[in-house]
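Chain and residue survey
Below are the chains, spelled out letter by letter.
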Amino acid sequence: MRNDVAVDTAVPFRQMAALFALGSCALLNVYATQPILPDIARRFGVSIGTSTWTISTSTLGVAVAAPLAGAISDRFGRKRIMVMALVGLILTTASCALAWNFAALLSLRFAQGLLVPFIFTAALAYIAEEWSGRTATTLNGVYVAGTAFGGFCGRFLAGTAASLTGWLSTFVVFAVLLMPVLALTVFCVPTERRFKASASLGNSLRNVAKGVRDWRLLATCFVGASLLFQQVTSFTYLSLRLAAPPFGLTAIEVGALFVVFLLPVTVTPFFGRLIGTIGRTQAFLLSQIAGMAGIALTLSVHLPAIIVGLALSCMAVFAGQSCATGYTARHARSGRSAATGLYLTCYYLGGSIGAVAPAPLYARHGWLGCAALIGLVALVSTALSCVAWKETGTNA
């Protein structure tokens, strides 16, 4: 038990709601264009493969900004940074509706991505500092469940808006949704009490360099990258498969498939408790077995089986994310936000690669090639987690 943090204690519902809402910001906008890629391609006269850059530029922005975001949060505090980032995210999201060409849309998507890590890194460090033990593990699960909810809302609402009022209106809807998140953060998240500011911004950046020399942290970063790679690859290219014959689903129907993101919303907080019971490594192993079973089901030619497989894969990714983010925050005894920023960089780099790198594989071998690649990446990350998280004192 650390003596610089509070012991396990009850957490007011309003604070849990605020943390859940902050988690939703992470994926609300980043993957909003997944179900509307064909619409974007038609609107700007680009190929489907090129339209996937609306996902990659956003995730690339996250990857670029994450180390700096972590360092700034370690220097200037948690809540202040989260509030400022939310204001900026509202403005850039609304501006996407004014994109006049494809390059402008990509630039604005990149700007959105730059702001996301200021929320993500500060929130995870805030949880690790303000609570301890199973309370911290559970709240980390609540936050990750929020990211799952944001992933569902982003994809589902994008598909719905595209079908009803045109895809550009999607960004106006998301900007409006971010406003109550800002209000919850301002009024329901207490100012940090146990935050210890880094001596300088330079010292915070040195914490990032220190993390690069920590092989356990780097292995965890690869695990995170593999998780988002799996998720982005599966949802992006399975969406394309389902939009094509013989399925021929519409944009709103493809968007509706993302209702599977609601399952991790309910399961992930309980999975956080499971981590505390059986250990982080064993819990991660279970999640990846379930995920690979889900990917195998998506090879079916029957839509119900594909949906079940997608649901299993989705739950596995968020369960694994709960393991990896919790380990990162607990493992870093100093410069937590900087360590989380390094993790986030790798996590979203994995997403960026997952959006575009499998495109040639999909073109040549279809979804089967993508599924095989996902399985290989999952096996490698599982092996790494077993080695890196063994006997570190932070397995629970």
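Right above here is the structure, for reference.
Here's what I pulled together on the structure shown here.

Tallying each qualifying case throughout the model produces two cavities of 30 Å³ or more. A volume near 110 Å³ is recorded for the largest cavity. Around the largest cavity sit 13 residues that line it, and Ala-136, Thr-137, Asn-140, Gly-326 and Arg-330 are the ones nearest its centre. Listed by contribution, the elements that provide at least two residues to the lining of the largest cavity are helix H6 (102-130), helix H7 (133-164), helix H12 (262-278) and helix H14 (303-331).

It is worth spelling out H6 at this point. With 29 residues, H6 ought to run about 42 Å at 1.5 Å a step, and its terminal C-alpha atoms sit 43 Å apart, in line with that. Counting buried positions over the 29 residues of H6 gives 24, a clear majority of the element. Capping of H6 at its N-terminal end is provided by Asn-101; its side-chain oxygen lies 3.2 Å from the backbone amide nitrogen of Ala-103.

Right, let's talk about the packing of aromatic side chains for a bit. Taken as a whole and assessed by the stated rule, the structure comprises seven aromatic pairs. Aromatic pair Phe-20 and Phe-149: ring centres 5.6 Å apart, planes at 40°, arrangement tilted. Taken together, the positions of Phe-20 in helix H1 (residues 13-28) and Phe-149 in helix H7 put the pair 129 residues apart, joining distant regions of the chain. Residue Phe-20 is classed as partly exposed on the basis of its relative accessible area, which comes to 22%. Taking 5.6 Å as the distance between ring centres and 85° as the angle between the ring planes, the aromatic pair formed by Phe-120 and Tyr-143 counts as edge-to-face.

Running from amino to carboxyl end, H6 crosses H7 at an angle of 160°, the nearest separation of the two axes being 9 Å. In terms of orientation, H6 lies roughly antiparallel with respect to H7. The chirality of how H6 crosses H7 is right-handed. When H6 is examined against H7, the residues Ile-119, Phe-120, Ala-123, Leu-124 and Ile-127 are found in contact with a partner set consisting of Ala-136, Leu-139, Asn-140 and Tyr-143. Residues belonging to the contact of H6 with H7 are distributed by class as follows: eight nonpolar, one polar and no charged.

Thresholds, definitions, all that
- Residues numbered from 1 in each chain as written.
- Predicted model: local features only at pLDDT ≥ 70, side-chain atom pairs only at ≥ 80, totals over all residues.
- Heavy atoms only, no water.
- 1 Å grid on protein atoms, 1.4 Å probe; cavity = no way out; pocket = protein on both sides within 12 Å on 5 of 7 lines; lining within 4 Å.
- Points joined across faces, edges and corners; volume = space filled by probe spheres on them.
- Helix = DSSP H or I, 4+ residues; strand = E, 2+ residues; numbered from the N terminus.
- Expected span 1.5 Å × (residues − 1).
- Buried < 20%, exposed > 50% of the residue type's maximum accessible area, 1.4 Å probe, protein only.
- Polar contact = N/O pair within 3.5 Å; in protein donor to acceptor, adjacent residues only side chain to side chain.
- Phe/Tyr/Trp six-rings, centres within 6.5 Å; stacked < 30°, edge-to-face > 60°.
- Axes fitted to C-alpha atoms, helices over the stretch in contact; angles between N-to-C directions.
- Parallel < 35°, antiparallel > 145°, perpendicular 65-115°, else oblique.
- Left-handed = near helix turned anticlockwise from the far one by under 90°.
- Contact = heavy atoms within 4.5 Å.
- Nonpolar A, V, L, I, M, F, W, Y, C, P; charged D, E, K, R; others polar.

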